[in-house]
Amino acid sequence: MSPIVKLNNVSKSFGSLHVLQGVSFDVAAGSVVAIIGRSGSGKSTALRCINGLEKINSGEITVCNHHLHHDVTRAQLRALHLDVGIVFQSYNLFPHLTVGQNIMLAPRWVRKQSKSEAHEHAAEVLRKVGLAEKFDAYPEQLSGGQQQRVAIARSLAMEPKLMLFDEVTSALDPELTGEVLKVMESLARDGMTMVLVTHEMAFAKGVADKIVFMHQGRVWEEGGGEMLSAPQTPELRQFVGNGL
């Protein structure tokens, strides 16, 4: 089976700053891939390139049979975003809308679902993230962990083939982090294809099928969870040793 995500020699610069330098890796359907590395290693930029939020300078990315080159068009990106959900560190919920309304918005506008269909689906994805009782609550009434779980539910409501998570727990305290990671573990068990940038090493080791360690804009090491116990390079050894 061909991979659902494939990066081939991808480079990305911001002016004279070379953030990605010939990055290549792939993601099998139904698998979980964790991207780890120090701040500035290029991991979040790689994730944003997979979703077309950043245009690459060279190389090629294939995501759910969408081909992203340096000259990708808006129409191609719109088609891509129907298949790919992304959740960020900040929840980006609309404060004037209820939880249910936040989740129903995109399915109604983008997928043209009826109000009743969108309502039913929103209730379903809220159950999936353990927040069925919060349908009519407003974001300000929720904890940070609950808001992040609503953000995940909002992406799930679009029925993506691939979910991307960009350091979604980095702003949360340990207890709330645990809430969000349990939801992500559940999605993994259900077979959702996921790529996540994370500092949660125990989660990456226990849940990810593949770990990609990035350093200085390159893929430095990749492998299963065992690579965190037996790093092959001094850079990964130092990274894991520092508990970053």
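Everything numeric here is computed off the predicted structure, so don't read it as measured data.

Conventions adopted
Residues numbered from 1 in each chain as written. Predicted model: local features only at pLDDT ≥ 70, side-chain atom pairs only at ≥ 80, totals over all residues. Heavy atoms only, no water. Helix = DSSP H or I, 4+ residues; strand = E, 2+ residues; numbered from the N terminus. Polar contact = N/O pair within 3.5 Å; in protein donor to acceptor, adjacent residues only side chain to side chain. Contact = heavy atoms within 4.5 Å. Axes fitted to C-alpha atoms, helices over the stretch in contact; angles between N-to-C directions. Parallel < 35°, antiparallel > 145°, perpendicular 65-115°, else oblique. Left-handed = near helix turned anticlockwise from the far one by under 90°. Nonpolar A, V, L, I, M, F, W, Y, C, P; charged D, E, K, R; others polar. Pairing = 2+ DSSP bridges.

Caption draft 1: Main features of the side chain of Thr169. Within the secondary structure, Thr169 is located in the loop between strand S7 (162-166) and helix H6 (174-189). For Thr169, the side chain forms a polar contact with the side chain of Glu200, separated by 3.5 Å. For Thr169, the contacting residues outside a window of four places in its chain are Thr177, Val180, Leu181 and Glu200.

Caption draft 2: Molecular detail of the packing of helix H3 (residues 99-109) against helix H4 (residues 115-128). The N-to-C vectors of H3 and H4 enclose an angle of 125 degrees; their axes lie 9 Å apart at closest approach. Taken together, H3 and H4 sit at an angle that is classed as oblique. When the axes of H3 and H4 are compared, the crossing they make is right-handed. For the pair formed by H3 and H4, the contact residues are Val99, Gly100, Ile103, Met104 and Arg108 on the first element and Lys115, Ala118, His119, Ala122, Val125 and Leu126 on the second. Class assignment for the residues of the contact of H3 with H4 results in seven nonpolar, two polar and two charged.

Caption draft 3: Expanded view of the sheet that holds strand S2 (residues 17-27). With antiparallel pairing, the four strands of this open sheet are ordered in space as S2-S1-S4-S5. Two strands bound the open sheet, and with one partner strand each, they are S2 and strand S5 (66-68). Adjacent strand axes in the sheet meet at a mean angle of 25 degrees when their direction is disregarded. The sheet contact formed by strand S1 (residues 5-14) and strand S4 (residues 58-63) spans five bridges and is antiparallel. From the neighbouring strand, Lys6 faces S4, where its bridge partner is Thr62. On top of the sheet, helix H2 (residues 74-83) reaches S4 and S5; it is set at about 125 degrees to S5, its chief contact.

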